[in-house]
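Residue-level listing of the chains:
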Amino acid sequence: MNCKVKIYGPRDVEPVFSDGELIFDDRGFELRYFIGEDRCSLSASGGVVTQSRRGNADMDITFSKGKNTVCMLLSGELTGGIPVKTNELSITKSGRGVEVYIDYFLGGANRILNVSAEII
């Protein structure tokens, strides 16, 4: 389903908007969108969220509430991982779309990510 995507974090940072595609299945959903020229996806299944970005530098982050996971960075021959600790994770699905809220630490820095997709 076509949707409008809004990505926002801290209050002092402007949100990013994109057109996207929202695909539901029996386990959860996948949201596909763009940030600039980068192809992005956010998938949710069984209380686990994975965010991927493909472009100049590729990145995959897995979020699971209360768990230690990793952010994998891939850039040419350089690869590496940064520790992730998810404090809060909320996934809301409705007939109008989805909303994901994540409060996490990435390499020691506290971050907040909100992603919403409204079906059009």
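The notes below deal with the structure included here.

Each value, and the rule that gives it
- Residues numbered from 1 in each chain as written.
- Predicted model: local features only at pLDDT ≥ 70, side-chain atom pairs only at ≥ 80, totals over all residues.
- Heavy atoms only, no water.
- Helix = DSSP H or I, 4+ residues; strand = E, 2+ residues; numbered from the N terminus.
- Buried < 20%, exposed > 50% of the residue type's maximum accessible area, 1.4 Å probe, protein only.
- Contact = heavy atoms within 4.5 Å.
- Pairing = 2+ DSSP bridges.
- Salt bridge = Lys/Arg side-chain N within 4 Å of Asp/Glu carboxyl O.
- Phe/Tyr/Trp six-rings, centres within 6.5 Å; stacked < 30°, edge-to-face > 60°.
- Lys NZ or Arg CZ within 6 Å of the ring centre and 35° of its normal.
- Core = buried A, V, L, I, M, F, W, Y, C linked by side-chain atoms within 4.5 Å.

### A look at the environment of N56
Within the element layout of this structure, N56 appears in the loop between strand 5 (48-54) and strand 6 (58-64). Given a relative accessible area of 79%, N56 falls into the exposed group. Distance in space between the C-alpha atoms of N56 and N2 is 26 Å, their sequence separation being 54 residues. Setting aside residues up to four positions removed in sequence, N56 forms contacts with D38 and S75.

### Regarding the environment of G76
Its place among the elements puts G76 in the loop between strand 7 (68-75) and strand 8 (78-94). Between the C-alpha atom of G76 and that of G97, which follows or precedes it by 21 residues, the distance is 35 Å.

### Some thoughts on the pairing of strand 6
Across six bridges, strand 5 lies against strand 6 in antiparallel orientation. Residue pairing for strand 6: T50 is matched across the bridge by T62. Between the end of strand 5 and the start of strand 6, which pair antiparallel, lie three residues. Relative to strand 7, strand 6 runs antiparallel, the two being bridged by four bridges. Counterpart to I61 in the pairing with strand 7 is C71. Connecting the antiparallel pair strand 6 and strand 7 is a turn made up of three residues, with G66 showing a positive phi of about 80°.

### A closer look at the pattern of salt bridges
Applying the stated criterion across every chain yields a total of seven salt bridges. Of the charged contacts in the structure, one is a salt bridge between R53 and D38, with a shortest N-O distance of 2.8 Å. Placement of R53 in strand 5 and of D38 in strand 4 (residues 38-45) is noted, with a sequence separation of 15 residues between them. Among the ionic pairs, R54 bridges to D60, the shortest N-O distance being 2.9 Å. A relative accessible area of 25% means that R54 is categorised as partly exposed. Three or more residues are tied together by salt bridges with common partners; here these are E21, E30 and R32.

### Considerations on the packing of aromatic side chains
Summed over the entire model, instances satisfying the criterion amount to two aromatic pairs. Considering the side-chain rings of F63 and Y104, the 4.8 Å spacing of their centres and the 65° angle between planes classify their relative orientation as edge-to-face. Highlighted residues: F63 in strand 6 and Y104 in strand 9 (residues 97-106), separated in sequence by 41 residues. Judged by its relative accessible area of 0%, F63 is buried. Using a relative accessible area of 8% as the deciding quantity, one classes Y104 as buried. Here the basic side chain of K6 rests over the ring of Y8, its NZ or CZ set 4.7 Å away from the ring centre.

### Quick look at the nonpolar core
Counting 25 residues, the largest nonpolar core has V5, L31, L42, V49 and I102 as its most contacted members. Every element with two or more residues in this core is listed here: strand 1 (2-8), strand 3 (28-35), strand 4, strand 6, strand 8, strand 9 and strand 10 (109-119). For this core, the leading source of residues is strand 9, giving five residues. Setting aside residues up to four positions removed in sequence, L42 forms contacts with F29, E30, L31, Y33, V49, T50, Q51, V100 and V115.

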